[in-house]
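# Residue-level structural notes
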Amino acid sequence: MNRSSFPVQDSTLSATALAERVLKRYDLPSRSVCRFFRKGICDTYRVEAGSREYFLKVYKSGRRTKLDVSEEVRLLNYLAAHAVSVARPVRRRDGLYVSRLAAPEGIRYSVLFRAAPGVAGDDGDHNRIRALGAMVGRMHQCADKMRAPYRRSHLDMRHLVDDNLQVIAPLTAHRQADFSLICEIGETCKQRISQLLPRSKPEYGICHGDLHGGDVCYGENDKPVLFDFDSSGCGWRALDIGIFLASDEWMGITSEAEERRQHQLAVFLEGYSHIRALTDAELTAVQLAPPIRHIFLMGHVLRYTAVQEGDNWANDGFIDWHMTWYKHWAENNL
């Protein structure tokens, strides 16, 4: 970075420059079009190359190392080679997958992916949800056969709970009773998980890490194709499944919303159990995923969204929004 330039914390790279400097490394038609698609934890660009569509994912500087990105690619190639439907990464002409980009804020990495065919989201369709459960079961089962360890961060209680409580603490410093309740919920979940689940296969292993139902497209015959493994790592499969439970109307506390979530989970588990049977302890642990997920997401949003949107939204209204859910869960589970 030029020392005379003012530091940058989150750039949006030029789609034109990415087409000229990055896409030329691939065997794509010369008139490929690259357009900015979405800013998020990763920045995504839509690439139209003849009759084919791709997505170029650009990882945040400092959030993912080259090893992290390379391991994600390795996992996807392994799963695709073993009949698990995933959006596959595209190899460059030189045989590599990961490109290194010198952005104003620091080094970033990019990977080109084939677009997942079909439409995103299950829209509550039971056939799609059941098929997704079966595909996740195949993914978990297949990943256990990878020979080399998956060298990414573990999705353990430190990652899911403790690290995020540290981020939540400053925001709730003036509301100690609320923060204490969040901590109590976190500690309760940690203790129950440690009592229920071993940290060994098949209960513990490679997980997608973000199975909220939006990271899947349904193609011909409603066949699901999984994508966006950026959150993947080794963790408890019951909690990986439980993210699906914690996603539909995730802040809804009505009995109707909970009944709908539990019903959709039952359909998901119908498909999953055809591939891999869950133990009774795992089925119990799945129900602990929502409070763990809420703590994770609250901290995750505070950690990363402020870079893009500032911290004006991280106020008492934001705390109140979350506390309504935490208090409801505590009344029924503590």
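A short tour of the structure in this document, coming up.

Here is what the cut-offs are and how they apply
- Residues numbered from 1 in each chain as written.
- Predicted model: local features only at pLDDT ≥ 70, side-chain atom pairs only at ≥ 80, totals over all residues.
- Heavy atoms only, no water.
- Helix = DSSP H or I, 4+ residues; strand = E, 2+ residues; numbered from the N terminus.
- Buried < 20%, exposed > 50% of the residue type's maximum accessible area, 1.4 Å probe, protein only.
- Contact = heavy atoms within 4.5 Å.
- Axes fitted to C-alpha atoms, helices over the stretch in contact; angles between N-to-C directions.
- Parallel < 35°, antiparallel > 145°, perpendicular 65-115°, else oblique.
- Left-handed = near helix turned anticlockwise from the far one by under 90°.
- Nonpolar A, V, L, I, M, F, W, Y, C, P; charged D, E, K, R; others polar.
- Expected span 1.5 Å × (residues − 1).
- Polar contact = N/O pair within 3.5 Å; in protein donor to acceptor, adjacent residues only side chain to side chain.
- Core = buried A, V, L, I, M, F, W, Y, C linked by side-chain atoms within 4.5 Å.
- Phe/Tyr/Trp six-rings, centres within 6.5 Å; stacked < 30°, edge-to-face > 60°.
- Lys NZ or Arg CZ within 6 Å of the ring centre and 35° of its normal.
- Pairing = 2+ DSSP bridges.
- Salt bridge = Lys/Arg side-chain N within 4 Å of Asp/Glu carboxyl O.

Inspection of the secondary structure assignment puts H294 in helix α9 (residues 289-309). Given a relative accessible area of 1%, H294 falls into the buried group. In this structure H294 touches W250, M251, W325 and Y326, once residues within four positions along its chain are discounted.

Between helix α5 (residues 176-196) and helix α10 (residues 316-333), the shortest axis-to-axis distance is 10 Å and the interhelical angle comes to 50 degrees. Comparing the axis directions of α5 and α10 gives the class oblique. Where α5 crosses over α10, the handedness of that crossing is left-handed. Taking contact as the criterion, the partners of D178, L181, I182, I185, C189 and R192 in α5 are, on α10, I319, M323, Y326, K327, W329, A330 and N333. The residue makeup of the contact of α5 with α10, split by class, is nine nonpolar, one polar and three charged.

As a further point, take helix α2 (residues 66-81). Across its 16 residues, α2 extends 23 Å between first and last C-alpha, which sits within 8% of the 22 Å expected from 1.5 Å per residue. D68, V69, E71, E72, V73, L75, L76, N77, Y78, L79 and A80 are the residues of α2 that are buried. A83, located one to two residues past α2, shows a positive phi value of around 65 degrees.

The end-to-end C-alpha distance of helix α3 (residues 126-143) is 26 Å, a good match for the 26 Å that 18 residues give at a rise of 1.5 Å each. Restricting attention to buried positions, one finds in α3 the residues R128, I129, L132, G133, A134, M135, V136, G137, M139, H140, C142 and A143. Sitting at the head of α3, D125 places a side-chain oxygen 2.9 Å from the backbone nitrogen of N127.

Nonpolar side chains in soluble globular proteins generally cluster together in the buried interior. Ranked by size, the top nonpolar core spans 78 residues in total, and within it L79, I193, L226 and F268 carry the most contacts. In contact with L226, not counting residues within four places along its chain, are S85, V86, A87, L132, M135, M139, L211, D215 and V216. Core analysis: the next-biggest nonpolar cluster, separate from the first, contains 18 residues, L23, L28, Y45 and V47 among them.

Take the packing of aromatic side chains next. This structure, assessed with the given rule, holds eight aromatic pairs. A ring pair is formed by W313 and F318, whose centres lie 5.1 Å apart and whose planes are at 75 degrees; its orientation type is edge-to-face. F318 carries the same exposure label as W313, and that label is buried. Between the NZ or CZ atom of R63 and the centre of the ring of Y304, over which it lies, the distance is 5.2 Å.

Following both chains from N to C, one finds α3 and helix α6 (residues 237-245) inclined at 155 degrees, their axes separated by 12 Å at the closest point. By the angle class used here, α3 and α6 are roughly antiparallel. Along this stretch, α3 crosses α6, giving a crossing that reads as right-handed. Together, I129, L132, M139, H140 and A143 of α3 and R237, D240, I241 and F244 of α6 make up the contact between the two elements.

Right, let's talk about the environment of G186 for a bit. As for its placement among the helices and strands, G186 is situated in helix α5. Given a relative accessible area of 0%, G186 falls into the buried group.

Here five strands make up an open sheet; going across it, the order is β1-β2-β3-β5-β4 and the pairing antiparallel. Looking at the sheet topology across the chains shown, the edges are occupied by β1 (33-39) and β4 (99-103). The average undirected angle you get between the axes of adjacent strands in this sheet is 30 degrees. Sitting on the sheet, α2 touches β3 (52-59) and β5 (106-114), and the angle it makes with β5 is about 10 degrees.

As a further point, take the sheet that holds strand β10 (residues 224-226). Overall, antiparallel pairing links the three strands, which are arranged β6-β9-β10 in an open sheet. Each having just a single partner strand, β6 (119-120) and β10 make up the two edges of the open sheet. Bridging between β6 and strand β9 (residues 216-218) involves two bridges; their strand directions are antiparallel. Bridge assignment links A120 to a residue of β9, and that residue is C217. Each of β6, β9 and β10 is contacted by α3, which is oriented at about 45 degrees to β10, the strand it contacts most.

Along a regular strand, successive side chains alternate from one face of the sheet to the other. Where strand β2 (residues 42-49) lies against β3, eight bridges are found, and the strand directions are antiparallel. Pairing of Y45 across the sheet is with L56, part of β3. Hairpin geometry of β2 and β3 is characterised by an intervening segment of two residues between the two adjacent antiparallel strands and by a positive phi of about 65 degrees at G50. Note that β3 and β5 share five bridges and pair antiparallel. Paired with F55 across the two strands is F113, which belongs to β5.

Once that is clear, we can look at the pattern of salt bridges. For the structure shown, the criterion picks out 32 salt bridges. Two residues, E270 and R130, come together in a salt bridge whose shortest N-O distance is 2.9 Å. Here the residue E270 occupies a position in helix α7 (residues 255-273), and R130 occupies one in helix α3, the gap between them amounting to 140 residues. Of the residues examined, E270 reaches a relative accessible area of 38% and is grouped as partly exposed. The class for R130 is partly exposed, based on a relative accessible area of 28%. Across the salt bridge formed by E187 and K190, the nearest N and O atoms sit 3.1 Å from each other. Of this pair, E187 and K190 both sit in helix α5, three residues apart, which is roughly one turn of that helix. According to the relative accessible area criterion, K190 is buried, its value standing at 18%. A single network of salt bridges, built from pairs that share partners, joins D10, K39, D43, K60, E105 and R108.

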